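Now for the letters of each chain:
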Amino acid sequence: MKDVYLYNSLSNKIEKFVPLKDGEVSLYVCGPTVYNDAHLGNIRPAIFFDSLVRFFTYLGYDVKYVSNYTDVDDKIINRAKELGVSEAFVAKENIAKYEEILKNINCLPFYEHPRATEYINNMINYIQDLINNGSAYQIGGDVFFRVNSIEGYGKLSNTNINDLKVGARILSNDKKESPLDFTLWKETKEGIAWDSPFSRGRPGWHTECCVMIEAIFGGTIDIHGGGFDLKFPHHENELAQARAYNHKLLANYWMHNGFVNFGEEKMSKSLGNVILAKDVIKEYGGDAIRYLILSTYYRSPVAFSDAVIRGAKNEVEKIKNAYLRGTSLLQLNGFEINKKYANKMDHYIDALANDLNFANAISEMHNIIKEINTNIRQKEVNYLLLQELISSLKEMLFILGIDNSFPTINDYDKMLYNKYLEYRSKGEYAKSDELRPLLMAKHII
């Protein structure tokens, strides 16, 4: 298989990707906390990591992609109190909305899409094991992770542990041994809770993903991903727990995507500058959003504005026009559109193999589109070349997650096209004009 190089947040450098198992990729991405509608920033990781899966799939890997729902959290509990409904109702409603968004941005199905509440017993057992090996301790009904039980805390986020201690003392919980120790289990008398040997309560957020990775994959995975804001404390604390639990890395490669910015600020609900994903999809379509998100290097911020998303939509329309015109011409003349003819992919794949540089890959795709347009404008179309170009574009669009379907041209369509040409050749333009809308609908003309 082709060598792929990825930026690893753990080492802070680009490394050659070497999977744990030949021909397989295990990938876990932290999903949303389902307490409200998703905004545009929430779906950047969904789009980026979906295209990462598509790229590995194109290369021939068997990808096991898991992303979770955090369906137990203080935000969900507070939202349920506001609405006067149960936490389960809030989570269920927002999961349904999020899954509709995933469908509209053309995300592939997951290997598994677990909910945290499905793994509560696993979490209780995991926490008990950490207590048993001295990596966690109980005070009252709460359980805390003992950060000094492992070495290298702060490496993932490149954070100085001494600086953390100074800052943490200000907000320190007096019960904890160290201000850096974080909650694994929280006793609570408010909101959804479960019985455990520690107390009636609920798990800490950082434990949930560790447990689901352990339960689904059985140990270390290839890639753990998420937004840049999860690097600390969430991913740092996950990494710490996994080291304490089985003395292994949770993942060999850690990948983080940048923010979506509105103006100069990160888009977030707390800042009140959010643009809901469902609204942008309704106005501009999922393909335009994917194009916008992927045309910026994944570790850099995406600058969002009405002008930028309109520009993305226009670019997608140009791509689709060339693609659909080419697919129709090939079918009319008896040529297949198939991956085996996709022989113009080298530069596109090279760009993606270099730390998922979708921006450069998209530039290569536009070069292909120029070739397509030049070819189909010729008096004598080179159909063998067009077959290679269109088949390659089809695969490029698949990796981007942009709709690459096209209308099937049948015998009736061919008959109409031949009639259209016959009427034009005889100067019977009124008759040919009657057929024009039917042929345009299938991009034949």
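This write-up is about the structure you can find in this document. (Residues numbered from 1 in each chain as written. Predicted model: local features only at pLDDT ≥ 70, side-chain atom pairs only at ≥ 80, totals over all residues. Heavy atoms only, no water.)

A tally of regular secondary structure across the protein chain gives 15 helices and 13 strands. With respect to the principal axes defined by its C-alpha atoms, the protein chain has extents near 95 × 50 × 40 Å. The buried share among the 445 residues of the protein chain stands at 51%. In the protein chain, the proportion of contacts linking residues at least 24 apart, taken out of those at least 6 apart, comes to 76%. (Helix = DSSP H or I, 4+ residues; strand = E, 2+ residues; numbered from the N terminus. Buried < 20%, exposed > 50% of the residue type's maximum accessible area, 1.4 Å probe, protein only. Contact = heavy atoms within 4.5 Å.)

Right, let's get into the pairing of strand S6 (residues 142–145). Neither face of S6 is open: one carries Asp142 and Phe144, the other Val143 and Phe145, and all of them are buried. With four bridges joining them, strand S5 (residues 136–139) and S6 adopt antiparallel strand pairing. Along S6, the bridge assignment pairs Tyr137 with Phe144. With antiparallel pairing between neighbouring strands as the criterion, S5 and S6 make up a hairpin whose turn holds two residues, including Gly140 at a positive phi of roughly 65°. Note that S6 and strand S7 (residues 182–187) share three bridges and pair antiparallel. Its bridge partner being in S7, Phe145 is matched across the sheet by Phe182. (Pairing = 2+ DSSP bridges.)

All chains considered together, the criterion is met by 18 aromatic pairs. When the ring of Phe17 is compared with that of Phe56, the centres are 5.1 Å apart and the planes differ by 45°; the resulting orientation is tilted. In this pair, Phe17 is assigned in the loop between strand S2 (13–16) and strand S3 (24–29) and Phe56 in helix H1 (residues 44–59), connecting sequence segments 39 residues apart. Neither residue differs from the other here; Phe17 and Phe56 are each classed as buried. Three or more aromatic residues link up through ring pairs in this structure, and these residues are Phe17, Phe55, Phe56, Tyr61 and Tyr253. In this structure, Arg54 is placed above the aromatic ring of Phe398, and the distance from its NZ or CZ to the ring centre is 5.0 Å. A cation sits over an aromatic face here: Arg299 above Tyr7, 3.6 Å from the ring centre. (Phe/Tyr/Trp six-rings, centres within 6.5 Å; stacked < 30°, edge-to-face > 60°. Lys NZ or Arg CZ within 6 Å of the ring centre and 35° of its normal.)

Core analysis: the largest hydrophobic core is formed by 90 residues, its most contacted members being Ile43, Phe56, Ile223, Tyr348 and Met365. Looking at which element gives the most residues to this core, the answer is H1, with ten residues. If you look at the next biggest cluster of nonpolar residues, it comprises 40 residues, including Val147, Ala240, Ala242 and Ala251. (Core = buried A, V, L, I, M, F, W, Y, C linked by side-chain atoms within 4.5 Å.)

Taking 1.5 Å of rise per residue, the 16 residues of H1 would be expected to cover 22 Å, and the 23 Å separating its terminal C-alpha atoms lies within 8% of that figure. Counting buried residues in H1 gives 15 out of 16 residues, a clear majority hidden from the surface. Remark: Gly60 follows H1 within two positions and exhibits a positive phi of approximately 110°. (Expected span 1.5 Å × (residues − 1).)

For the rest of this paragraph, the subject is the pattern of salt bridges. Enumeration over the complete set of coordinates arrives at 21 salt bridges. Across the salt bridge formed by Asp50 and Arg54, the nearest N and O atoms sit 2.7 Å from each other. Note that Asp50 and Arg54 are positioned in helix H1 at a spacing of four residues, about one turn of the helix. Comparing Asp50 with Arg54 shows no difference in burial state: the two are buried. Connected through shared salt-bridge partners, Asp37, Lys97 and Lys278 make up one network. (Salt bridge = Lys/Arg side-chain N within 4 Å of Asp/Glu carboxyl O.)

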